[in-house]
Amino acid sequence: MNKFEIMIVDDTETIRKELAAFLEGSGYQVIVLDKFINVVDEILHKNPNLVILDINLPYANGYNICRELRKQADIPVLIVTSRNTETDELMSMNLGADDFIAKPYNLHILEARISAILRRTKKTQIQEVIDYKGLSLNVLSGTISYEEKSDILTKNELKMLSFLIQNQGKIVSRDDLMEYMWSSELFMDDNTLSVNMTRLRKKLKQMGFPETVETRRGLGYLLP
Amino acid sequence: MKLTDYLRERLVFLTVNLLLFSFLATVMLVLKVRIIVIFVTFFIWFTPLITYSLLQFCQQKSFLDELTMLSESLDQAYLLSEVVKKPDYLEGKLYYKALKAANRSMLERVNEYQTAQKDYREYVETWVHEIKTPIASAQLIIDNHKNEVTRGINIELKRIDNYVEQALYYAKSNTVNEDYKIRECALAAITKKAISRNAQDLIRQNFSVDMSAVEGNVNTDPKWVEFILNQIIGNAVKYCREDARKLVFSTKSEKNCRILTIQDNGIGIPQKDLAKVFDKGYTGENGRMFGKSTGIGLYLCKKLCDRLRIGISLESFPAKGTAVQLIFPIGDLNMIAKDFCK
């Protein structure tokens, strides 16, 4: 499957580097721009699936770039800015940006916004079924199936399982898992997490799935 | 200005004239001058004097009455010298000139301070936006390298971000410009954003957060309200109790308003401190005990709420918890607009 291409337009080197590392880790192909003279041409030339555009740029203001870009192409634009006011958000949207996010941002939230834009703008489905050792997890319908059996997951369980599969082979700390759940606006506490984990394990077991979520005491969870 | 006041003012002058005349009259009587001559002298002496006085009274009255009336009725009394009619007698002209000069110098002075304040505010805003970039960079580095150390740094970074935001809104709260945009927005969306911002603190403190009872739309600036909620959540995290920490958000609709309540089960606020929690720099017993309070958070909330026409009230019981209510008015105009759309 072709990877989605994301172009980062930001004049801060650290941000470019770290953001690129994260997005590549999440399975996107990243194009990084480090000269800002003809940004619009560069974008049109590379024709990415999405542009992450900073507003404060040398030579040209991000708003102008967005406006120019909109005249010539409908490449989705996610505007990133440190000016977190209604006026700025309204302006971004009026210039045809697809979304607006304020600095500093949480990477999970950024990724959720990115995939929402891609889902909206690309007719191609963003990976809706995740496979893990014969188990298939349908993110859109919230179902899991293994061999002949299938089951319905709650929103909590679905999010937990998909995060564990994304990080398979790594220990996921409780705090990380919680932060991920909270970034999806599921504000659960410690007990709820434990209860949901127990239910998830039970569902996996009932379907006869051989692997299970291991608990590493004091460290977190692990999906081998 | 009343005639009697004016005459009282001229009392000495008139008395001296009367005394001098009586002296002259006495001399004339002694010299056996005819009574009629004395009367004529009286008229020659006093007719111009009284006419002049009355004329002056009329001139002054029109200027001074206008001055008094304007100073009482004008919204900004200092604009008086701009509005008042220029008088047409010497004394008045001089007063008028002095008033103008004093006013001009005051306006220059006010302008100076206004410019300085605007300058400073713009600087704070620029500074805040500048510093957001390194904060964002640091945040990205931390997110990409998660471990116990960076998690600790991350929490401190969030605090820095909160303080920076506070400085920004403090600067905004003090200026005259309307720096917000009112639109219809869902309370649940704003609440979610505010909770997400505080996710790390709330998770670390093991708060149980419930916002399932938040519903409805209000007309306001969502960014400002998010900041206000952020401060309130920050307080709940700061002044929480040992165990079973809870934070419950709920809404209630009244006839003319919608009320968002934020209820925690923290240490509460002593009754004697309650009246002053919205005062600037007031830290109260809790602030002294915890030593982390600046007395700015709630003061700023109140100030921003006032600007947005949101009511804010606080109820608290020691060892039970605190509830903050934000009261969003539902204007008649909006209702009319909605009916109209139907």
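A quick note: this is a predicted structure, and the numbers were derived from the prediction, not measured.

Side note on the overall build of chain B
What chain B contains, in helices and strands, is 13 helices and 7 strands. Its C-alpha radius of gyration of 35 Å places chain B more than 25% over the 20 Å reference for a compact globule of 342 residues. Seen through its principal axes, chain B has C-alpha atoms that stretch 120 × 50 × 45 Å. Counting all 342 residues of chain B, 39% fall into the buried class. Accessible surface for chain B amounts to roughly 20,200 Å². Of this, 61% is attributable to carbon and sulfur atoms. Side chains of chain B give 47 positive and 39 negative charges; the mean places of these two sets differ by 3 Å.

Observations regarding the layout of surface pockets
All names here are of chain B. Each pocket or cavity is described by its volume, and for the second largest pocket that value is around 930 Å³. For the second largest pocket, the lining is made up of 42 residues, of which Gln-231, Gly-234, Asn-235, Lys-238 and Tyr-239 are closest to its centre. Of all the secondary-structure elements, those providing two or more residues to the lining of the second largest pocket are α6 (148-173), α9 (222-238), β5 (257-264), α11 (284-290), α12 (297-308) and β7 (321-329). Take the lining of the second largest pocket: its biggest share by element is 8 residues, from α9.

What about the interface of chain A and chain B?
Taken together, the contact between chain A and chain B spans 33 residues of the former and 34 residues of the latter. Together, the buried faces of chain A and chain B total about 3,200 Å²; carbon and sulfur atoms form 58% of this surface. The largest per-residue losses of area from chain A upon contact with chain B belong to Glu-86, Trp-182 and Phe-187 of chain A, which jointly make up 22% of the total buried on that side. Counting the contacts that link chain A with chain B gives 8 salt bridges. A salt bridge links Glu-179 of chain A to Lys-146 of chain B; the shortest N-O distance between them is 3.4 Å. On inspection of chain A and its partner chain B, the count reaches 13 residue pairs in polar contact (both at pLDDT 80 or more). Looking at which element gives the most residues to the side of chain A that touches chain B, the answer is helix α1 (residues 13-25) of chain A, with 6 residues. Here the side of chain A that touches chain B is built from residues that sort into 12 nonpolar, 9 polar and 12 charged.

Here we look at the sheet that holds strand β10 (residues 171-172) of chain A
Residues and elements named next belong to chain A. With antiparallel pairing, the 3 strands of this open sheet are ordered in space as β10-β12-β11. With partners counted over all chains shown, the strands left at the sheet margins are β10 and β11 (214-216), one partner each. Relative to strand β12 (residues 220-222), β10 runs antiparallel, the two being bridged by 2 bridges. Each bridged residue has a counterpart across the sheet, and for Val-172 the counterpart in β12 is Tyr-221.

Topic: the pattern of salt bridges
As enumerated under the stated definition, the model contains 29 salt bridges over all chains in all. Salt-bridge contacts for Asp-98 of chain A lead to Arg-70 of chain A; the nearest nitrogen and oxygen are separated by 3.2 Å. Placement of the pair is Asp-98 of chain A in the loop between α4 (86-94) and β5 (99-102) and Arg-70 of chain A in helix α3 (residues 62-72), with a sequence separation of 28 residues. Its relative accessible area of 25% is what places Arg-70 of chain A among the partly exposed residues. For the salt bridge of Asp-273 of chain B with Lys-272 of chain B, the shortest nitrogen-to-oxygen distance reads 3.8 Å. We classify Asp-273 of chain B as buried; its relative accessible area is 4%.

Quick word on the packing of helix α7 (residues 187-197) of chain B against α9 of chain B
A pair of packed helices is captured by two measures, namely the crossing angle of their axes and the spacing between those axes. All names here are of chain B. Where α7 meets α9, the axes come as close as 9 Å, and the angle between the chain directions of the two elements is 45°. In this view, α7 runs oblique relative to α9, as classed from their interaxial angle. Where α7 crosses over α9, the handedness of that crossing is right-handed. Contacts between α7 and α9 involve Ile-190, Thr-191, Lys-193, Ala-194, Ile-195 and Arg-197 from the first element and Pro-222, Val-225, Glu-226, Leu-229, Asn-230 and Ile-233 from the second. When its residues are assigned to classes, the contact of α7 with α9 shows 7 nonpolar, 2 polar and 3 charged.

A short note on the side chain of Arg-121 of chain B
Tracing the backbone shows Arg-121 of chain B in helix α5 (residues 90-144). Those residues in contact with Arg-121 of chain B that sit more than four places away from it in its chain are Ala-171, Lys-172, Thr-175 and Asp-179 of chain B.

Rules of the game
- Residues numbered from 1 in each chain as written.
- Chains lettered and ligands numbered in written order.
- Predicted model: local features only at pLDDT ≥ 70, side-chain atom pairs only at ≥ 80, totals over all residues.
- Heavy atoms only, no water.
- Helix = DSSP H or I, 4+ residues; strand = E, 2+ residues; numbered from the N terminus.
- Rg over C-alpha atoms; globule rule 2.2 N^0.38 Å.
- Buried < 20%, exposed > 50% of the residue type's maximum accessible area, 1.4 Å probe, protein only.
- Areas by Shrake-Rupley, 256 points an atom, 1.4 Å probe, with all protein chains shown as cover.
- Lys, Arg positive; Asp, Glu negative; His and termini not counted.
- Charge placed at Lys NZ, Arg CZ, Asp CG, Glu CD.
- 1 Å grid on protein atoms, 1.4 Å probe; cavity = no way out; pocket = protein on both sides within 12 Å on 5 of 7 lines; lining within 4 Å.
- Points joined across faces, edges and corners; volume = space filled by probe spheres on them.
- Contact = heavy atoms within 4.5 Å.
- Buried area = accessible area lost by both parts, 1.4 Å probe.
- Salt bridge = Lys/Arg side-chain N within 4 Å of Asp/Glu carboxyl O.
- Polar contact = N/O pair within 3.5 Å; in protein donor to acceptor, adjacent residues only side chain to side chain.
- Nonpolar A, V, L, I, M, F, W, Y, C, P; charged D, E, K, R; others polar.
- Pairing = 2+ DSSP bridges.
- Axes fitted to C-alpha atoms, helices over the stretch in contact; angles between N-to-C directions.
- Parallel < 35°, antiparallel > 145°, perpendicular 65-115°, else oblique.
- Left-handed = near helix turned anticlockwise from the far one by under 90°.

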